Amino acid sequence: MATLLAVSALAQIQFPELTGRVVDEANLLTPAKEAEISGMLRVHEEATGNQVVVVTVQSLQDRTIEEYTVELGRFWGIGQEDRDNGVLLLVAPNERQVRIEVGYGLEGLLTDARASVIIQNEIIPAFRTGNRVKGIVDGVRGILAALEQEADTVSGVAPEKQKFALPPVIIFFIFILIIMSFLSFGRSSRRYSRSSRGWSSGGGFSGSSSGGFSGGGGSFGGGGSSGSW
């Protein structure tokens, strides 16, 4: 019975359609800024496999922002199914609330504390002055900065120094061998380069320039942070 009630409650939520890496239902962004943010997120996704989506909504539909965002992330399936490496930055201007929702697989990098710092230091100050575009852009930059650092750096623990290093002479000879290898099959590599240009290693995401964008089946467990202004 409880399961049926939960499904019924979820069915009543009208989630916006996932049309891209930026879903601006509340119309807070200009087309130029939306394209700029989407480009930043695309570059990050191609480099790391992480999927970060920015969404603004007209209403939380009588849910808390925590409930709405985690269910939205699951509904869209943001992140890879086997890595749960998705992040949502959700802004609800009518309720004056914002949340960073973090997938299971990224909670070690984008911790609850780090998400809170981004919200309190980067997003909310701009929102309080009425500059929501700046707050969103700065928030995205803060999220990507956290995700693109090593876990040791994010946690504040300095990585150990290398205990072993190859002698410079060995490194030089390895470099020469690599160069010779490239030269030996350079022509055959160029033969296949054209045919491989259209291929993308999105790791389970579809988001080509020809249209179509979807999550990869990732999930969320409520990690992240919220704030209001």
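Values in this document were obtained by computation on a predicted structure and should not be read as measured data.

S.K.: What am I meant to see in the overall build of the chain here?
M.R.: Summing up its helical and strand segments, the chain has eight helices and five strands in all. When the helices and strands of the chain are listed from N to C terminus, the series reads α-β-α-β-α-β-β-α-α-α-α-α-β. When burial is assessed residue by residue, the chain has 38% of its 229 residues classed as buried. Of the contacts formed within the chain by residues at least 6 apart in sequence, a portion of 72% connects residues at least 24 apart. Carbon and sulfur atoms form 55% of the exposed surface of the chain, whose accessible area is close to 13,200 Å².

S.K.: Sorry if this is basic, but what is going on with the packing of aromatic side chains here?
M.R.: Ring pairs (aromatic) are described by centroid distance and by the angle formed between their planes. Under the counting rule described, the total for this entry stands at three aromatic pairs. The interplanar angle of 40 degrees and the centroid separation of 5.0 Å between the aromatic rings of F15 and F75 together place this pair among those described as tilted. Residue F15 is located in the loop between α1 (2–11) and β1 (22–24), and its partner F75 is located in helix α3 (residues 65–76); the two are separated by 60 residues in the primary sequence. We classify F15 as buried; its relative accessible area is 14%. Ring plane angle 65 degrees and centroid distance 4.7 Å describe the contact between F127 and W229, whose orientation is recorded as edge-to-face. Residue F127 is found in helix α4 (residues 112–128), and its partner W229 is found in the segment after β5 (220–228); the two are separated by 102 residues along the sequence.

S.K.: Mind showing me how you'd approach the nonpolar core here?
M.R.: Soluble globular proteins tend to pack their nonpolar side chains together in the buried interior. Judged by nonpolar contacts, the single largest core of 31 residues is most densely connected at I100, L110 and I136. Those elements giving two or more residues to this core turn out to be α2 (31–48), β2 (51–56), β3 (86–92), β4 (97–103), α4 and α5 (132–147). Ranked by residues supplied to this core, first place goes to α5 with seven residues. L110 has contacts with V87, I100, V102, A115, I118, I143, A146 and L147, leaving out every residue within four places of it along the chain. The next biggest cluster of nonpolar side chains, apart from the first, holds 18 residues, and it includes V23, V57, I65 and F220.

S.K.: Explain the environment of A146 to me, please; I cannot follow it from the model alone.
M.R.: Tracing the backbone through its elements, the reader meets A146 in helix α5. On the basis of relative accessibility, which here comes to 0%, the residue A146 falls in the buried class. Sequence separation of A146 and R114 is 32 residues, and the distance between their C-alpha atoms is 7.8 Å.

S.K.: What is the right way to look at the sheet that holds β5 in this model?
M.R.: Sheet strands line up and pair through hydrogen bonds in the backbone, either parallel or antiparallel. Strand order in the open sheet made by the five strands is β1-β2-β3-β4-β5, with mixed pairing throughout. In this open sheet, the two strands that pair with only one neighbour each are β1 and β5. This sheet shows a mean twist of 15 degrees between the axes of neighbouring strands, independent of strand direction. As judged from the three bridges shared by β1 and β2, these two strands associate in the parallel manner. From the neighbouring strand, D24 faces β2, where its bridge partner is T56.

S.K.: I keep staring at the packing of α4 against α5 and nothing clicks. Help me out?
M.R.: Helix-helix packing: each pair is described by the crossing angle between the helix axes and the interaxial distance. It is the contact of α4 with α5, at a shortest axis distance of 7 Å, that shows an interaxial angle of 160 degrees. On the basis of their axis angle, the class for α4 and α5 is roughly antiparallel. Between α4 and α5 lies a crossing of right-handed hand. Where α4 abuts α5, its residues R114, I118, E122, I123, A126 and F127 lie against R132, K134, G135, I136, D138, G139, G142, I143 and A146. Across the contact of α4 with α5, the residue classes tally to seven nonpolar, three polar and five charged.

Calculation rules
Residues numbered from 1 in each chain as written. Predicted model: local features only at pLDDT ≥ 70, side-chain atom pairs only at ≥ 80, totals over all residues. Heavy atoms only, no water. Helix = DSSP H or I, 4+ residues; strand = E, 2+ residues; numbered from the N terminus. Buried < 20%, exposed > 50% of the residue type's maximum accessible area, 1.4 Å probe, protein only. Contact = heavy atoms within 4.5 Å. Areas by Shrake-Rupley, 256 points an atom, 1.4 Å probe, with all protein chains shown as cover. Phe/Tyr/Trp six-rings, centres within 6.5 Å; stacked < 30°, edge-to-face > 60°. Core = buried A, V, L, I, M, F, W, Y, C linked by side-chain atoms within 4.5 Å. Pairing = 2+ DSSP bridges. Axes fitted to C-alpha atoms, helices over the stretch in contact; angles between N-to-C directions. Parallel < 35°, antiparallel > 145°, perpendicular 65-115°, else oblique. Left-handed = near helix turned anticlockwise from the far one by under 90°. Nonpolar A, V, L, I, M, F, W, Y, C, P; charged D, E, K, R; others polar.

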